[in-house]
Amino acid sequence: MTRFFIRAWFGLHVLPFSMYRLLAFVVSALLAILVFAFGAERRNVTLINLKLCFPESSRAQRLAWTIRHMFLYVRTFLDRAWLWNCTEAQLRERVVISNPERIQAHSPGKSRIFLAPHFLGLDAAWSRLGLEVDMVTMYSNQKNLVLNEVIRQGRERYGDQLLLSRQQGVRPLIQAMKKGRPLYYLPDMDFGEKDSVFVTFFGVEAATVTAVSRLARMLDADVIPVTTMFRGGKYEVTLHSPLSNFPLADDTESTQYLNHCIEKWVKTNLVQYLWLHKRFKTRPPGQTRFY
């Protein structure tokens with residue numbers, strides 16, 4: 001059954017792009033309504049996250065954000081049909097890097113970390129950057145083995161990318177960075193207390209991994225934030241200036257600084273941030289669970 005749905009999903013990429021965008025809009029709208037109406041857990045997680053992070057907002061505003069977010073989540077998921085099957089020319093036309101000169105703008109001899117917060121277009125950014133530079137990243141295995149293989153192959157399609165599962169640990173990642181591969185790193189998921197510290201995210205304590213500051217210090221790496229916006233059926237990737245004077249004095253201070261940076265980017269692109277994730281699942285000792 002999974003293979004059937006994947007074939008149908010990937011078959012969408014053969015449609016003319018204008019026809020695909022119309023069909024994807026309709027399908028995404030219908031699926032978003034279904035998820036909102038019947039996906040109680042995901043709906044509640046999103047609403048809780050938005051209430052925690054934007055307590056001054058009204059319930060009506062949070063409901064509107066949630067519906068728009070679910071539509072965009074489905075829409076950007078469907079886009080992987082063409083993202084992982086199109087030609088290089090099509091990829092360059094549909095995913096635009098607003099400032100490509102910054103891809104190689106780093107200190108000579110230093111490693112690089114492309115810091116990619118969980119905006120919905122992060123796979124588009126990964127694929128587009130893959131046309132310019134060979135990178136390394138870490139991924140979490142999916143429970144469905146067929147889907148896991150599809151995702152892995154899709155992310156390996158362009159260039160010579162190195163994907164490491166979290167079960168492999170950080171040693172092969174460090175070795176790859178020492179050989180010159182930039183790291184494409186997603187810093188803002190709740191992986192539990194191990195290797196994490198509690199720092200605030202929009203004023204709420206959140207378990208946040210300290211890997212970025214530790215790797216930046218260990219490898220003397222430039223940290224270059226990458227954000228992506230879905231607009232009009234296409235994607236715009238922005239490479240920000242390398243973070244100055246980073247890492248800071250200690251890992252906790254550095255990690256808090258990163259969360260504040262992510263907050264600023266989220267405020268300019270609110271509904272395209274991954275609110276479906278249980279960002280505040282791990283709580284400090286004695287605190288009540290949110291979900």
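Figured I'd write up the structure that's included with this text. The model shown is predicted, which means the values in this text are computed figures rather than measured ones.

About the thresholds
- Residues numbered from 1 in each chain as written.
- Predicted model: local features only at pLDDT ≥ 70, side-chain atom pairs only at ≥ 80, totals over all residues.
- Heavy atoms only, no water.
- Salt bridge = Lys/Arg side-chain N within 4 Å of Asp/Glu carboxyl O.
- Buried < 20%, exposed > 50% of the residue type's maximum accessible area, 1.4 Å probe, protein only.
- Helix = DSSP H or I, 4+ residues; strand = E, 2+ residues; numbered from the N terminus.
- Polar contact = N/O pair within 3.5 Å; in protein donor to acceptor, adjacent residues only side chain to side chain.
- Contact = heavy atoms within 4.5 Å.
- Pairing = 2+ DSSP bridges.
- Core = buried A, V, L, I, M, F, W, Y, C linked by side-chain atoms within 4.5 Å.
- Axes fitted to C-alpha atoms, helices over the stretch in contact; angles between N-to-C directions.
- Parallel < 35°, antiparallel > 145°, perpendicular 65-115°, else oblique.
- Left-handed = near helix turned anticlockwise from the far one by under 90°.
- Nonpolar A, V, L, I, M, F, W, Y, C, P; charged D, E, K, R; others polar.
- Phe/Tyr/Trp six-rings, centres within 6.5 Å; stacked < 30°, edge-to-face > 60°.
- Arc of directions from axis to C-beta.

**Here we look at the pattern of salt bridges**
The final tally for this structure, using the stated rule, is 15 salt bridges. For glutamate 132, the salt bridge is made with arginine 128, and the minimal N-O distance between the two is 2.7 Å. Of the residues examined, glutamate 132 reaches a relative accessible area of 34% and is grouped as partly exposed. Here the residues in one salt-bridge network are Glu41, Arg42 and Lys278, joined through shared partners.

**Brief notes about the side chain of threonine 137**
Secondary-structure assignment places threonine 137 in strand S3 (residues 136–139). Note on threonine 137: relative accessible area 8%, which makes it buried. Within the structure, the side chain of threonine 137 is placed 2.6 Å from the backbone oxygen of tyrosine 184, a separation counted as a polar contact. Among all residues touching threonine 137, those that are not within four sequence positions of it are Trp126, Leu162, Leu163, Leu164, Leu183 and Tyr184.

**Side note on the pairing of strand S9 (residues 234–239)**
Residues of S9 alternate between two faces, with Tyr235, Val237 and Leu239 buried on one and Lys234, Glu236 and Thr238 left unburied on the opposite face. Here three bridges tie strand S1 (residues 95–97) to S9, and the two strands are oriented parallel to one another. Among the inter-strand pairings, valine 95 is bridged to a residue of S9, identified as tyrosine 235. The pairing of strand S8 (residues 221–231) with S9 spans six bridges and is antiparallel. Following the sheet pairing, threonine 227 is matched in S9 by threonine 238. Between S8 and S9, which pair antiparallel and follow one another directly, the connecting turn spans two residues, one of which, glycine 232, has a positive phi of 60 degrees.

**Structural notes on the pairing of S8**
Along S8, nine of the eleven residues are buried, which leaves the element largely enclosed by surrounding structure. Of the pairings in the sheet, the one linking strand S2 (residues 111–115) to S8 comprises five bridges and is parallel in character. Among the inter-strand pairings, phenylalanine 114 is bridged to a residue of S8, identified as isoleucine 224.

**Here's the deal with the nonpolar core**
In this structure, Trp82, Ile113, Tyr184 and Trp275 are the most contacted members of the largest nonpolar core, which totals 88 residues. No other element matches the six residues that helix H4 (residues 59–78) contributes to this core. Residues within four places of tryptophan 82 in sequence aside, it is in contact with His13, Phe17, Tyr20, Leu91, Arg94, Val95, Tyr158, Gly233 and Tyr235.

**Some remarks on the packing of helix H2 (residues 17–38) against H4**
It is the contact of H2 with H4, at a shortest axis distance of 8 Å, that shows an interaxial angle of 130 degrees. If you check the angle between H2 and H4, you find them oblique. With respect to the hand of their crossing, H2 and H4 are arranged in right-handed fashion. Each of Tyr20, Arg21, Ala24, Phe25, Val27, Ser28, Ala29, Leu31, Ala32, Val35 and Phe36 in H2 lies in contact with H4, whose residues at this interface are Leu63, Thr66, Ile67, Met70, Phe71, Val74, Arg75 and Leu78. Classifying every residue of the contact of H2 with H4 gives 15 nonpolar, two polar and two charged.

**Let's talk about the packing of aromatic side chains**
Two descriptors summarise a pair of aromatic rings, namely the distance from one centre to the other and the angle between the planes of the rings. Here the structure, examined in full by the defined rule, presents 20 aromatic pairs. Their ring planes at 10 degrees and their centres at 6.1 Å tell us that phenylalanine 17 and tyrosine 20 sit as a pair that is stacked. Of the two residues, phenylalanine 17 and tyrosine 20 are both situated in helix H2; the distance of three residues between them amounts to about one turn of the helix. When its relative accessible area of 1% is taken as the criterion, tyrosine 20 is described as buried.

**Quick word on helix H9 (residues 171–178)**
Within H9, burial applies to Leu173, Ile174, Ala176 and Met177. Along H9, the residues classed as buried sweep out an arc of 160 degrees about the axis, all on the same side. Opposite its buried face, H9 presents the exposed residues Arg171 and Lys178, each directed more than 90 degrees away. At its buried positions, H9 is contacted by S2, S3, strand S4 (162–165), strand S5 (183–185) and helix H10 (211–219). Glycine 180, located one to two residues past H9, shows a positive phi value of around 110 degrees.

**Things to note about unusual backbone geometry**
With omega at 5 degrees, the peptide bond leading from phenylalanine 246 into proline 247 counts as cis. Looking at where proline 247 falls in the secondary structure, it is placed in the loop between S9 and helix H11 (251–267). At phenylalanine 202, a residue that is not glycine, the phi angle is positive and equals roughly 55 degrees. Within the fold, phenylalanine 202 resides in the loop between strand S6 (196–201) and strand S7 (204–209). On the accessibility criterion, phenylalanine 202 (12% relative accessible area) is buried.

That is the geometry; function is a separate question.
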